[in-house]
Each structure stands twice: as structure tokens, then as C-alpha cells.
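Results of the structural survey
One letter stands for each residue in the lines below.
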Amino acid sequence: MPHYSGPILTRPTAQALLAARDAGTGEWSGSLDLGRSNGHASLKSDAWQWRDQRYPYPPTLKDRTIYYWDGDGFAPVSRYAGSLIKLVPTEWGAPTFEIDGIKMLPTAKESPVADARHKVALVEPHGKVVLDTCGGLGYFAACCLEAGAARIHSFEKNADVLWLRTLNPWSPDPDELDPGAPASGGRLQLAHADVSQAIAQIADASVDAVLHDPPRFGIAGELYSQAFYDQLARVLRKRGRLFHYTGSPNKLTSGRDVPREVAKRLEKAGFKAQLALDGVLATRR
């Protein structure tokens, strides 16, 4: 799906546009892509113009919601198909997303992109072929591109998450071939597929590093299974690194120590594993 290139609004951005109009300034400067860049909009009493297109002033927008121009009006970046999935703004610019109100990325202490950058650095992706098992909004992939990865094979099972990516200015575009863009040269290969099944088609010892950021265990237990970890060991070259996000589930309420369970299974699959950040860092023996 092509990436959206129109304006992105949040409630504070819309309020700033209206305040500038009411002040009679005739022009507003700021970001219409969630902080990726700054630009200028010319303001009239009944409409505003950005990149040679006119838009109506939006009605009152909801908090914690991101809006895009769908051709008729500013619509929320959300969908409902059995569960509600939506992009959610953060104070850092780069958004997170929620499924049925559950936040999918950490944003309390720093940008989700900065958080991804720390984790990606653990597998040292420069010049490497990287397997990104659960692509999400693409922040792992974006950081791999930024770090000079040779190629990223990324999988995402949820079609609605792929739709969110097309509307998120911070998500890398696999079709972007602009030499100045981080995804230049087609280095990012994004597939709409369930990696637990698709991994069987990946050749032995064909990737240099793995980034594994699965949904929580209760939703996607197959991505924590011994069988899947055996497959990760099969496709990863010797001495290749893997970072497995686990989060820090409460051991007292869950009765489980998920990070240590993961580390034990990875060891059984042929890795040397240790706890790192909010997950497990492992090296293929």
C-alpha cells in the first residue's frame, strides 16, 4: 500500500491552526507530520492551505487520537475489525499504537523510536541481513536502516497494523527508492505474513541477526515455543545475534518468569542467552 503524504492532525495541532487563524496572522508554522518536519500553512477564514491543497478547519478533535485527510474530512487513524486498533500520539512525536486499549510500545520514558534504537544496537546490524519477525509500526526496521543494515526481511501478520504504517510518518516505506531516504535501494522487504509459518521458507543460516518483538505470550504463544526458537536457530548464522523482547510481566500475578523461560528455551535451541534491557539477548553457538 502506498504511504499517505497528506497532513496529520492531533488535537493540539488543530487548536494551534485555529488560534493562528483567529489571531489574524495569515500563516502558521509547525509540523503536520507528527514532528518529522516543519512547514508552513497559509490561513484563510474558511480554509487553510498546505502543499498546494486546501483543507477545511476540523471540528473539535478527540484527545489521544491522530487524524488524516480521507478526501472528505479528517478521519481518525483507527479501525475496528474484531478489535479496535489505532495510532496514538506521544509527547515524543513518533506515535505508539493500541489494540483494544492496550498500548503496544513503551513510551513512558522516551520515544518508541529511541527505545527501538537501543534494542537494535544490541544486534549490531550494520552491513548485515536482519530478520524482523513482527514488524509492527516498523521502528526496528527504521533503526536497522539508519544503522546501515544491508537488508531487512520484515513480517507482519495483522493487515490493520500494515494500514497504520501507511499513515504513520515515522514508519519506513519499503517502496521508497529516493537515494536520500533511509529505506533507499529497497533494503526493506516487508511481507504480510505470519512469521511462525513463513520462517519455514527461509534458508538455513541465511540471516546475520534477528529482532523478535512478539505480542505477549497469552496472545501469540507459538512465537515463544521451542519449535519456533529452533527455527530461529536454523536460519541464523553462527555467532549471529538475536534480541527477543519479552517485557517485564509481573511474576507475582502471572506466576511466571517469562524472560528466564525464554532464555532457557533459546539455550536449548542452540543459543547462549542472557537478560538484556526488557528482553533476552542471545548469540547463536
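Residues numbered from 1 in each chain as written. Predicted model: local features only at pLDDT ≥ 70, side-chain atom pairs only at ≥ 80, totals over all residues. Heavy atoms only, no water.

Examining the overall build of the protein chain
Test applied: Each helix corresponds to a stretch of at least 4 residues labelled H or I by DSSP, and each strand to a stretch of at least 2 residues labelled E; elements are numbered beginning at the N terminus. A 1.4 Å probe rolled over the protein chains alone gives each residue an accessible area, and that area as a share of the maximum for its type sets the label: buried under 20%, exposed over 50%, partly exposed in between. The contact criterion used throughout is that any non-hydrogen atoms of two residues lie within 4.5 Å. Areas reported as accessible are Shrake-Rupley estimates using a 1.4 Å probe. Residue values count occlusion only from the protein chains shown.
Helices and strands together make up the secondary structure of the protein chain, namely 8 helices and 18 strands. Considering the protein chain as a whole, with its 285 residues, one finds that 48% of them fall into the buried category. A separation of at least 24 residues holds for 57% of the contacts in the protein chain among residues at least 6 apart in sequence. Carbon and sulfur atoms form 50% of the exposed surface of the protein chain, whose accessible area is close to 13,900 Å².

Notes on helix α2 (residues 112–121)
For an α-helix, the turn length of 3.6 residues means that residues three or four places apart are oriented alike. This is how it is decided: Polar contacts, as used here, are pairs of N or O atoms within 3.5 Å; protein pairs need one atom able to donate a hydrogen and one able to accept it. Residues neighboring in sequence count only if both atoms are side-chain atoms.
Counting buried positions along α2 yields 7 of 10 residues, so the element is predominantly enclosed. Residues of α2 that are buried include every one of Pro-112, Val-113, Ala-114, Asp-115, Ala-116, Lys-119 and Val-120, and no others. In this structure, the buried side of α2 is in contact with α3 (139–146), β15 (207–212) and β16 (236–245). Residue Ser-111 occupies the N-cap position of α2, its side-chain oxygen lying 3.0 Å from the main-chain nitrogen of Val-113.

What about the pairing of strand β3 (residues 39–43)?
Applicable threshold: Any two strands with at least two DSSP bridges between them are considered paired.
Summarising the sheet, strand β2 (residues 27–30) and β3 pair through 4 bridges and their orientation is antiparallel. Its bridge partner lying in β3, Glu-27 is registered against Ser-42. Here β3 runs beside strand β4 (residues 47–50); their pairing, made up of 2 bridges, is antiparallel. Residue pairing across strands places Ser-42 opposite Gln-49, the latter belonging to β4.

Considerations on the sheet that holds strand β13 (residues 151–156)
Stated precisely, the cut-off is as follows: To get an axis, a line is fitted to the C-alpha atoms, and for a helix only the part in contact is used. The angle between two axes follows their N-to-C directions and goes from 0 to 180 degrees.
If you trace the 7 strands from one edge of the open sheet to the other, you get β14-β13-β12-β15-β16-β18-β17, paired in mixed fashion. Two strands lie at the open edges of the sheet, namely β14 (188–192) and β17 (271–276), each paired on one side alone. On average, each strand axis in the sheet is inclined to that of its neighbour by 15 degrees, with strand direction left out of account. Note that strand β12 (residues 129–132) and β15 share 3 bridges and pair parallel. Bridge pairing in β15 places Leu-131 opposite Val-210.

Considering unusual backbone geometry
For Arg-51, which is not glycine, the phi dihedral falls at a positive 50 degrees. With respect to the helices and strands, the residue Arg-51 is situated in the loop between β4 and β5 (53–56). Even without a glycine there, the phi angle at Asp-100 is positive, about 50 degrees. Along the chain, the position of Asp-100 falls in the loop between β10 (96–99) and β11 (102–103).

Description of the side chain of Asp-160
Tracing the sequence through the fold places Asp-160 in helix α4 (residues 159–167). At 3.3 Å, the side chain of Asp-160 forms a polar contact with the side chain of Arg-79. The contact partners of Asp-160, leaving out residues within four places of it in the chain, are Arg-79, Ala-81 and Ile-85.

Describing the packing of helix α6 (residues 226–235) against helix α8 (residues 258–269)
Cut-off, in case you're wondering: Angle categories are assigned with fixed cut-offs, so that under 35 degrees is roughly parallel, over 145 is roughly antiparallel, 65 to 115 is roughly perpendicular, and the rest are oblique. Take the far helix as the reference: if the near one is turned anticlockwise from it by less than a right angle, the crossing is left-handed, and if turned clockwise, right-handed. Each residue gets one of three labels, nonpolar for Ala, Val, Leu, Ile, Met, Phe, Trp, Tyr, Cys and Pro, charged for Asp, Glu, Lys and Arg, and polar for the others, Gly among them.
Orientation of α6 relative to α8, taken along the N-to-C sense of each, is 50 degrees, at an axis distance of 9 Å. Classified by the interaxial angle, the pair formed by α6 and α8 is oblique. In this structure, α6 meets α8 at a crossing whose hand is right-handed. In this structure, α6 contributes Gln-226, Tyr-229, Asp-230 and Ala-233 to the contact, and α8 contributes Val-262, Arg-265, Leu-266, Lys-268 and Ala-269. Classifying every residue of the contact of α6 with α8 by side-chain character gives 5 nonpolar, 1 polar and 3 charged.

Observations regarding the pattern of salt bridges
Rule in force here: For salt bridges, the criterion is a side-chain nitrogen of Lys or Arg within 4 Å of an Asp or Glu carboxyl oxygen.
Evaluation of the coordinates by the stated rule reveals 15 salt bridges. Several salt bridges share partner residues, and in doing so they unite Asp-115, Lys-119 and Asp-278 into one network.

Comments concerning the nonpolar core
Quick note on the threshold: Note on terminology: a nonpolar core comprises buried Ala, Val, Leu, Ile, Met, Phe, Trp, Tyr and Cys residues joined through side-chain atoms within 4.5 Å.
Counting 34 residues, the largest nonpolar core has Val-77, Phe-97, Tyr-139, Ile-152, Leu-164 and Leu-211 as its most contacted members. Within the residue set of this core, elements represented by two or more residues are β9 (84–88), α2, α3, α4 and β15. In terms of residues, this core owes the most to one element, α3, which gives 6 residues. Apart from residues no more than four positions distant in its own chain, Leu-211 is found in contact with Lys-119, Val-120, Val-123, Val-130, Leu-131, Asp-132, Thr-133, Phe-140, Cys-144 and Phe-243. If you look at the next biggest cluster of nonpolar residues, it comprises 29 residues, including Leu-131, Phe-228, Leu-232 and Ala-273.

Description of the packing of α2 against α3
With their axes 9 Å apart at the nearest point, α2 and α3 run at an angle of 60 degrees to one another. When the axes of α2 and α3 are compared, the pair comes out oblique. As α2 packs across α3, the resulting crossing turns out to be right-handed. The residues of α3 that touch α2, namely those facing Pro-112, Val-113, Ala-116, Arg-117, Lys-119 and Val-120, are Tyr-139, Phe-140, Cys-143, Cys-144 and Glu-146. Classifying every residue of the contact of α2 with α3 gives 8 nonpolar, no polar and 3 charged.

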